[in-house]
Amino acid sequence: MKKKHKFQPESLMMSYGYKPELSEGAIKCPIFQTSTFVFKSAEEGKAYFELAYGLREAREKEEIGLIYSRINNPDLEILENRIALWEEADDCAVFESGMSAISTVLMEFMKPGDLVLCSSPVYGGTDHFIKHFLPKFGIHYLEFKPDARFDDIVEMLEKAGLEDRLRMIYVETPANPTNALIDLEDMGKLANRYSKPDKKVYLAVDNTYMGPLWQHPLRWGADISLYSATKYLGGHSDVIAGACCGSKEVIHRIKTLRTFLGNMAGPWTGWLLLRSLETLKLRMEQQARNAQQVAAYLQQHPKVEKVYYLGLLKPEDGPEYETYKKQCSSPGAMLSFDVKGGEPEAFRFLNNLRLAHLAVSLGSTETLAEHPASMTHAGVHPGHREEIGITGKMVRMSVGVENYRDIIHDIEQALEKV
Ligand SMILES: *Cc1c(COP(=O)(O)O)cnc(C)c1O
């Protein structure tokens, strides 16, 4: 018997989950700019609500129909199905921002008295939410540095006497902006170690830097893979959005809270992301190729002290190299470097870029550069910031799809002014 051919996600991004016959034959999914949907009959409306509210099990082949755009909308549903395809996940939920995806996940799975164990550094907004918002609801946190190994974390947790309260492990890898790596397989084991039959410890991973192409947290035991879809998924610096992927059960819980918080993405955001996904792989692969060229150039430049890029890791780097080889299929397109000197030298470089833009955010078609210590990581406690290697001399770059020779030319002329 002939084996069924399995199409790759990049081949399906133009069609998956969309039926032209339901939209006058339009080849592209229209923007369903509508708040509510008309039921064919009262009986149909009743059936949809029964499923939406979980009042009964779905019959065979029965699916919940369209009700109201806070609950479901075709642009969102098709987008969610397509992101889930990249992630190899059962399901996905899309939000109006990365932060709303992250905060909704934390609120859904944590309750007063629980502990979240998180890696450090994490995205500034996440850091603030965990350290300043969750404690108001009696939710505790404990953080570990990227170089902490499995046994160090166990020791820290048990010394603090908090292992019984552990409810979620939340990690970001590679870390922004240092590209420090956390071993996801170890994190999965840690979550298992403290899970009990009546109390599961969830593992959530912010996969914005590498996903959905180059790192698959669910394969290593993560329950939730999170995205700022503003970054690579969107990829054009023109939309703010977020997403999370996981099992049917996990995403059902997240979508239920989303329905009540009302922080789902709108149809226009959904449509923009559908368009972006068609070129996701093309963009990301080109960006990663460019980043490798840029990193190699920076590495040999006399005014550059150190380059932080996964593609430069060597077997001598030990566990970090092994983790990279195991869980990342590409070095990605994010890099940071220290210029010789300090903040004044870093600023002179940034102020003299002509092709690259001086802006925060990342993962977009254009090359972006910024100064983590005074911009994206300005909110991190100065002592802690130095400890994790974010100093005045550091510049972060998100490499775009331009011709790499032009990016390097731009860096060269800006470094000349330093
Ligand atoms: C940008 C970003 C976020 C926040 O996403 P928004 O879409 O800006 O809300 C979270 N995590 C990481 C790693 C990010 O880069």
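Shown above is the structure to which this text applies.
All of these numbers come straight from a predicted model, not from anything done at the bench.

J.: Looking at this structure, how should I read helix 2 (residues 42–52)?
T.: Every α-helical turn comprises 3.6 residues, leaving residues that sit three or four positions apart pointing alike. The complete set of buried residues in helix 2 reads Glu44, Gly45, Ala47, Tyr48, Glu50 and Leu51. Within two residues after helix 2, Gly54 carries a phi angle of roughly 65°, on the positive side.

J.: How should I be thinking about the sheet that holds strand 8 (residues 304–308) in this particular structure?
T.: Whenever strands of a sheet pair, they do so through backbone hydrogen bonds, lying parallel or antiparallel. Spatially, 5 strands are ordered 8-9-12-11-10 in an open sheet, and the strand pairing comes out mixed. This sheet does not close on itself; its edge strands, each paired only once, are strand 8 and strand 10 (357–358). Two strands pair when backbone bridges link them, and strand 8 and strand 9 (residues 334–339) are joined in this way by 4 bridges, in the antiparallel orientation. Across the sheet, Val304 pairs through a bridge with Val339, a residue of strand 9.

J.: Would you mind going over the site of the ligand with me for this structure?
T.: Around the ligand, the structure places 13 residues, and the nearest of them are Met99, Asp206, Ser228, Thr230 and Lys231. A distance of 2.9 Å separates an oxygen atom of the ligand from a polar backbone atom of Gly98. Between an oxygen atom of the ligand and a side-chain N or O atom of Lys231, the distance comes to 2.7 Å. The dominant element in the shell around the ligand, judged by the number of residues it contributes, is helix 4 (residues 98–109), at 3 residues. For the shell around the ligand, the per-class residue count stands at 5 nonpolar, 5 polar and 3 charged.

J.: Explain the layout of surface pockets here, please?
T.: The gaps of empty space that remain are located by a probe, the size of a water molecule, rolled over the atoms. Size it by volume and the largest pocket reaches roughly 1800 Å³. Lining the largest pocket are 42 residues, and of these Glu63, Ile64, Gly65, Asn72 and Glu77 lie nearest its centre. Elements supplying a minimum of two residues to the lining of the largest pocket: helix 2, helix 3 (74–87) and helix 8 (248–261). Ranked by residue count, the leading element in the lining of the largest pocket is helix 8, at 7 residues. Partitioning the lining of the largest pocket into residue classes produces 19 nonpolar, 10 polar and 13 charged. The calculated volume of the second largest pocket comes to roughly 590 Å³. Lining of the second largest pocket is provided by 26 residues; of these, Thr178, Ala180, Lys306, Tyr308 and Glu320 occupy positions nearest its centre. At 5 residues, the largest contribution of residues to the lining of the second largest pocket is made by strand 8. Looking at the lining of the second largest pocket residue by residue, the classes come out as 13 nonpolar, 5 polar and 8 charged. Two domains each provide a minimum of three residues to the lining of the second largest pocket, namely domain 1 (69–275) and domain 2 (280–416).

J.: Would you take a moment to explain the pairing of strand 9 for this structure?
T.: Looking along a regular strand, one sees side chains alternate from face to face of the sheet. Along strand 9, 6 of the 6 residues are buried, which leaves the element largely enclosed by surrounding structure. Neither face of strand 9 is open: one carries Met334, Ser336 and Asp338, the other Leu335, Phe337 and Val339, and all of them are buried. Two strands pair when backbone bridges link them, and strand 9 and strand 12 (residues 394–398) are joined in this way by 5 bridges, in the antiparallel orientation. Pairing of Phe337 across the sheet is with Val395, part of strand 12.

J.: Help me out: how do you make sense of the pattern of salt bridges in this one?
T.: Oppositely charged side chains are able to pair whenever their charged atoms sit close together. If you walk through the whole model with that rule in mind, you get 24 salt bridges. Taking the shortest distance from any N to any O, the salt bridge between Glu80 and Lys255 comes out at 3.2 Å. Of this pair, Glu80 sits in helix 3 while Lys255 is found in helix 8, placing the two residues 175 residues apart along the sequence. Residues Lys111 and Asp114 are paired through a salt bridge, measuring 3.5 Å at the closest nitrogen-oxygen approach. Bridged by salt links that share partners, the residues Glu50, Arg56, Arg59 and Glu62 form one connected network.

J.: Even after reading the chapter, I still don't get the side chain of Arg385, so can you show me in this structure?
T.: Inspection of the secondary structure assignment puts Arg385 in helix 13 (residues 382–387). Buried charge Arg385 goes without a salt bridge, the closest partner of opposite sign being Glu386 at 5.8 Å. With sequence-adjacent residues up to four places away left out, Arg385 is seen in contact with Ala373, His377, Ala378, Val380 and Ile390.

J.: Quick question: what am I supposed to make of the packing of helix 3 against helix 9 (residues 267–277) here?
T.: Think of two packed helices as two axes; the pair is described by the angle between the axes and how far apart they sit. Where helix 3 contacts helix 9, the two axes come as close as 8 Å, and the packing angle between them is 35°. Viewed along their axes, helix 3 and helix 9 form a crossing whose handedness is left-handed. Mapping the contact onto sequence places Asp75, Leu76, Ile78, Leu79, Arg82, Ile83 and Trp86 in helix 3 and Pro267, Gly270, Trp271, Leu273, Leu274 and Leu277 in helix 9.

J.: In this structure, what is going on with helix 12 (residues 343–351)? I would like to understand it.
T.: Turning to helix 12, its buried residues are Ala346, Phe349 and Leu350. End-on view of helix 12: buried residues confined to an arc of 95°, all on one side of the axis. Close packing links the buried residues of helix 12 with strand 9, strand 10, strand 11 (368–370), strand 12 and helix 14 (404–416).

J.: Explain the sheet that holds strand 3 (residues 140–144) here, please?
T.: Judged by pairing direction, the sheet is mixed, and its 7 strands sit side by side in the order 1-7-6-5-4-2-3 without closing on themselves. On the outer flanks of this sheet lie strand 1 (91–95) and strand 3, each paired with one strand and no other. Neighbouring strand axes in the sheet, compared pairwise and without regard to direction, differ in orientation by 20° on average. Of the pairings in the sheet, the one linking strand 5 (residues 202–206) to strand 6 (residues 224–228) comprises 3 bridges and is parallel in character. Bridging from a neighbouring strand, Val205 pairs with Ser225 of strand 6. Those strands touched by helix 7 (residues 184–194) are strand 2 (115–119), strand 3, strand 4 (166–172) and strand 5, and its axis lies near 175° from that of strand 4. Together, strand 1, strand 5, strand 6 and strand 7 (242–246) form the strand contacts of helix 8, whose direction differs from that of strand 1 by roughly 25°.

Rules and cut-offs
- Residues numbered from 1 in each chain as written.
- Predicted model: local features only at pLDDT ≥ 70, side-chain atom pairs only at ≥ 80, totals over all residues.
- Heavy atoms only, no water.
- Buried < 20%, exposed > 50% of the residue type's maximum accessible area, 1.4 Å probe, protein only.
- Helix = DSSP H or I, 4+ residues; strand = E, 2+ residues; numbered from the N terminus.
- Pairing = 2+ DSSP bridges.
- Near = heavy atom within 4 Å.
- Polar contact = N/O pair within 3.5 Å; in protein donor to acceptor, adjacent residues only side chain to side chain.
- Nonpolar A, V, L, I, M, F, W, Y, C, P; charged D, E, K, R; others polar.
- 1 Å grid on protein atoms, 1.4 Å probe; cavity = no way out; pocket = protein on both sides within 12 Å on 5 of 7 lines; lining within 4 Å.
- Points joined across faces, edges and corners; volume = space filled by probe spheres on them.
- Domains from an automatic or database assignment.
- Salt bridge = Lys/Arg side-chain N within 4 Å of Asp/Glu carboxyl O.
- Lys, Arg positive; Asp, Glu negative; His and termini not counted.
- Contact = heavy atoms within 4.5 Å.
- Axes fitted to C-alpha atoms, helices over the stretch in contact; angles between N-to-C directions.
- Left-handed = near helix turned anticlockwise from the far one by under 90°.
- Arc of directions from axis to C-beta.

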